[in-house]
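# Observations on the model geometry
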Amino acid sequence: MSLKSMLTGVAALSLMSGVAFAQDRTVNVFNWSDYIDESILEDFTKETGIKVVYDVFDSNEVLETKLLAGSTGYDVVVPTADFLSRQIQAGVFSKLDRSKLPNLSNMWKDVEERVEIYDPGNAYSINYMWGTTGLGYNVEKVKAALGDDAPVDSWDLLFKPENIEKLNDCGVYILDAPTELIPAALNYLGIDPNSESKGDIEKAGELLKSIRPYVQKYHSSEYINALANGDICLAVGWSGDVLQARDRAAEADNGVTVEYAIPKEGALMWFDQMAIPADAKNMDEAHEFLDYIMRPDVMAKASNYVYFANGNKASQKLLNEDVIGDPAIYPDEETVKKLYTKAPYGPKINRIVTRTWTSVKSGQ
Amino acid sequence: MKENIAAPKRRSLGAWALIAAPYLWLLILFLVPFLIVFKISLSQVAIAIPPYIPAFDLAEGWQAFRDNLSELSFENYIWLTEDDLYWKSYLSSVTIAGISTLLTLLIGYPIAYGMARSPRSIRPTLLMLVILPFWTSFLIRVYAWIGILKNEGLLNQLLLALGIISEPMVILNTNIAVYIGIVYSYLPFLVLPLYASLERLDGSLLEAAEDLGCPPWKAFWKITLPLSLPGMIAGCFLVFIPAVGEFVIPDLLGGSDTLMIGKTLWVEFFSNRDWPVSSAVAVILLMILVIPIVLFQNQQQKMSERDG
């Protein structure tokens, strides 16, 4: 988080100075790192004449802090839905002008419905990508440690001490994301992942603490390389990231096979949403950018590149077979039913959640 | 000291401006930001831009300010006492910074001493070599240590190849890596002031000691060390103070159990979005650092006045 976010800060400064002198039409986009096929931005500029100043972040927290401090200078940002929800409450975003977004008709109703709990009526945001938080594992190493019938399709692999202790030698990484791991632990315990009771959060904390001795690192991006290089054998990670690791390992041909599994007990379904800050200087350009992104061919290109599913129904027939046909990216009906969403925590319980997480990580 | 400054004739406008400049600098770049942080620490968290409700608003005028003064709430400070996470973080930060400072001193003193004792002609080159690392970004240099310290990193490969160890040592993501990072990063800050005071050292004192039959180690202990004390203290402060609040090094090199106040503050600010509590953490951190330093300075001044 730190290196990239600081570099991002530097980039943001240079961006702002760039804005001041630009006479042409510009749109300032702030998106996750490694989250778009860059040729999409070039094509957009070619077609519309609007220059894209593109800048990246790698944590929702950094984006949120910038947004809450105000005057970010960005015209389009991409928070995850639970963060977006709180930011809408804080008055960060401007309502979308739907008349400027004819391509909204391409969007996927099922995804829009699920986003309703974060952004009622999808009034402030459009879906860019969605995915799940599940298990990425090294096929050979897990088999070597746990045998052929290793429970790779279940949270048992992570949460049962007799399993994870055998993976200790080859390495386990977990996302540094309390708002995803606590619900995952609750779900495994058979408790509502949306529970906001202090007692339940503490139970989830206990479960996570019980596996802590076997976890090498809590980090939200390093697991991609670590999985691909065969440095670790298990990671709790985001679907597309694990699949990127899978492809990198395949390209490197280093004898490492990475797979992603949505555990059968269910997993978190999350949504990265594009929205326009209320203080955006280039409202029209931002709308044009969103509308361009919602074109089926553009969205398909984006998904084919990042290996995440998108919320654009019309793009599905243009997706590569290894994207649309991969149940790890587009899960089947049965699996989708088991996916849960997580409403944002209120401020009081949020503090308990982060405090529990700190104590899981630090042992304090 | 004071008598020397208080010259009998009246100061010109230019002289006043010259004296005012550093105070103005401190006022604008230290006191005002500190007061802003202190003000936020008295406010309440909210879902808004910015994410807190101000405790008082100076725009409302003096009367409103005075009314609010009686209602000021220090609950964010009380909160800090209720969770042992905070004092454990402070304590652990001070410990890590203290050990690092000691290690830096042990490594830095011989370097500075060697530099000051080297022929005059090569001193500028040596000085340059100490400053040279600053030409590369601090972040990149800390990042490079990941490549050196990790299990398959350069250090382990070297030690394995030499047959010194048979299995890779786990250094990265531990406190040892944090010590290495801090010592490496802050070494120049200790070497430079120490070098300055060692270089000024009057060589004739050591010659006199030798003439009078004092063995070299004793001369070092009785003369060099006490005379280089101001440089040592300045250098140690320059290492210790930033190391206490260090965030980048523990984040990149430390493990998840490395508890430091910089990281605690990050979580408070970014994950909890609680600007008031994180401001309170920062204010307390400043107190922890400033009060002992001011006391120490007073002590030093008294001593020098007594000696003088």
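Everything numeric in this text was worked out from a predicted model, so none of it was measured. (Residues numbered from 1 in each chain as written. Chains lettered and ligands numbered in written order. Predicted model: local features only at pLDDT ≥ 70, side-chain atom pairs only at ≥ 80, totals over all residues. Heavy atoms only, no water.)

## Some thoughts on the overall build of chain A
Across its full length, chain A holds 17 helices and 10 strands. Radius of gyration (C-alpha) of chain A: 20 Å, near the 21 Å computed for a compact globule of 364 residues. In terms of its C-alpha atoms, chain A occupies a principal-axis envelope of roughly 60 × 45 × 40 Å. The buried share among the 364 residues of chain A stands at 61%. Sequence separation of at least 24 residues holds for 74% of the intrachain contacts in chain A that already meet a minimum separation of 6. Accessible surface, chain A: about 13900 Å² in total, of which carbon and sulfur atoms supply 52%. (Helix = DSSP H or I, 4+ residues; strand = E, 2+ residues; numbered from the N terminus. Rg over C-alpha atoms; globule rule 2.2 N^0.38 Å. Buried < 20%, exposed > 50% of the residue type's maximum accessible area, 1.4 Å probe, protein only. Contact = heavy atoms within 4.5 Å. Areas by Shrake-Rupley, 256 points an atom, 1.4 Å probe, with all protein chains shown as cover.)

## Quick word on the interface of chain B and chain A
Listed as interface residues are 33 residues of chain B and, on the opposing side, 31 residues of chain A. Between chain B and chain A lies a buried interface of about 2900 Å² when both sides are counted; carbon and sulfur atoms form 60% of it. It is Ile47(B), Ile49(B) and Arg273(B) that lose the most area in chain B upon contact with chain A, and together they represent 23% of the buried surface on that side. Residue Arg351(A) pairs with Asp274(B) through a salt bridge whose shortest N-O separation is 2.6 Å. The interface formed by chain B and chain A holds 8 residue pairs in polar contact (both at pLDDT 80 or more) in total. Going through the elements one at a time, helix H5 (84-117), helix H7 (138-149), helix H13 (248-253), helix H14 (261-271) and helix H15 (275-307) of chain B are the ones with two or more residues in the side of chain B that touches chain A. Looking at the side of chain B that touches chain A element by element, the count peaks at 6 residues for H14(B). (Buried area = accessible area lost by both parts, 1.4 Å probe. Salt bridge = Lys/Arg side-chain N within 4 Å of Asp/Glu carboxyl O. Polar contact = N/O pair within 3.5 Å; in protein donor to acceptor, adjacent residues only side chain to side chain.)

## Details of the domain arrangement of chain A
Residues and elements named next belong to chain A. For chain A, the assigned domains read domain 1 (2-130 + 271-330) and domain 2 (132-268 + 342-362). Centre-to-centre, using C-alpha coordinates, domain 1 lies 27 Å away from domain 2. Summing the contributions of domain 1 and of domain 2, the shared interface buries around 1300 Å²; its carbon and sulfur component is 52%. Counting across the interface, domain 1 meets domain 2 through 1 salt bridge. (Domains from an automatic or database assignment.)

## Things to note about a negative patch on the surface
All names here are of chain A. There is a patch of like negative charges on the surface, built from Asp110, Glu113, Glu116, Asp332 and Glu333. For Glu333, the location among the structural elements is in helix H16 (residues 333-338). Its relative accessible area of 63% is what places Glu333 among the exposed residues. (Patch = residues over 30% accessible without salt bridge, like charges linked within 9 Å, V, L, I, M, F, W, Y side chains within 5 Å. Lys, Arg positive; Asp, Glu negative; His and termini not counted. Charge placed at Lys NZ, Arg CZ, Asp CG, Glu CD.)

## Here's the deal with the pattern of salt bridges
Overall, the coordinates contain 27 salt bridges over all chains when judged by the stated rule. Here Arg295(A) ties to Glu47(A) by a salt bridge, and the two come within 2.9 Å at their closest N and O atoms. A residue pair is termed long-range when its members are at least 10 positions apart, and Arg295(A) in the loop between helix H13 (283-293) and helix H14 (296-306) and Glu47(A) in helix H2 (residues 38-48) qualify at 248 residues. Its salt-bridge partner being Glu112(A), residue Lys109(A) comes within 3.7 Å of it at the nearest N-O pair. Linking Lys109(A) with Glu112(A), this pair stays in helix H5 (residues 109-115), spanning 3 residues, or about one helical turn. Residue class for Glu112(A) comes out buried when judged on its relative accessible area of 17%. Three or more residues joined by partner-sharing salt bridges are found here, namely Arg355(A), Asp83(B), Asp84(B) and Lys88(B).

## Quick word on unusual backbone geometry
Residue Pro50(B) is bonded to the preceding Ile49(B) through a cis peptide linkage, with omega at -15°. We note that Ser71(A) has phi near 45°; this positive angle belongs to a residue other than glycine. Here Ser71(A) shows up in the loop between helix H3 (60-69) and strand S3 (76-77). Positive phi, close to 60°, is recorded for Tyr307(A), a residue that is not glycine. Along the chain, the position of Tyr307(A) falls in the loop between H14 and strand S10 (309-310).

## Overview of the nonpolar core
Here is a general trend for soluble globular proteins: nonpolar side chains tend to be buried in one another's company. Ranked by internal contacts, the top residues of the largest apolar core, which has 123 residues, are Tyr128(A), Leu158(A), Ile174(A), Tyr223(A) and Phe289(A). Both domains that meet at this core, namely domain 1 (2-130 + 271-330) and domain 2 (132-268 + 342-362) of chain A, each give it at least three residues. For Phe289(A), the contacting residues outside a window of four places in its chain are Val27(A), Val29(A), Leu41(A), Phe44(A), Val52(A), Val76(A) and Met274(A). One finds Tyr77(B), Ile171(B), Ala243(B) and Ala280(B) within the second-largest nonpolar core, a separate group that totals 54 residues. (Core = buried A, V, L, I, M, F, W, Y, C linked by side-chain atoms within 4.5 Å.)

## Description of the state of the cysteines
Residues and elements named next belong to chain A. Throughout the structure, instances matching the rule amount to 1 disulfide over all chains. For Cys170, the disulfide goes to Cys233, at an S-S distance of 2.0 Å. In this structure the cystine formed by Cys170 and Cys233 twists about its S-S bond by roughly 65°; its chirality is therefore right-handed. Residue Cys170 is found in the loop between helix H8 (161-167) and strand S5 (172-174), and its partner Cys233 is found in the loop between helix H11 (222-229) and strand S7 (234-238); the two are separated by 63 residues along the sequence. (Disulfide = S-S within 2.5 Å.)

## Quick look at the environment of Thr257(A)
Residues and elements named next belong to chain A. Assignment of secondary structure puts Thr257 in the loop between helix H12 (239-252) and strand S8 (258-261). The residues touching Thr257, leaving out its near neighbours within four places in the chain, are Tyr137, Asn138, Val139 and Glu140. Reaching out from Thr257, the side chain makes a polar contact with the side chain of Glu140 at a distance of 2.3 Å.

## Observations regarding a nonpolar patch on the surface
All names here are of chain B. Taken together, the side chains of Leu24, Trp25, Leu26, Leu27, Ile28, Leu29, Phe30, Leu31, Val32, Leu35 and Ile36 define a hydrophobic patch exposed on the protein surface, amounting to about 1100 Å² of accessible area. Assignment of secondary structure puts Trp25 in helix H2 (residues 13-41). The class for Trp25 is exposed, based on a relative accessible area of 59%.

## A few points about the side chain of Thr72(A)
All names here are of chain A. Relative to the assigned elements, Thr72 resides in the loop between H3 and S3. Assessed through its relative accessible area of 6%, Thr72 is described here as buried. Among the polar contacts listed, one links the side chain of Thr72 to the backbone nitrogen of Tyr74, at a separation of 3.2 Å.

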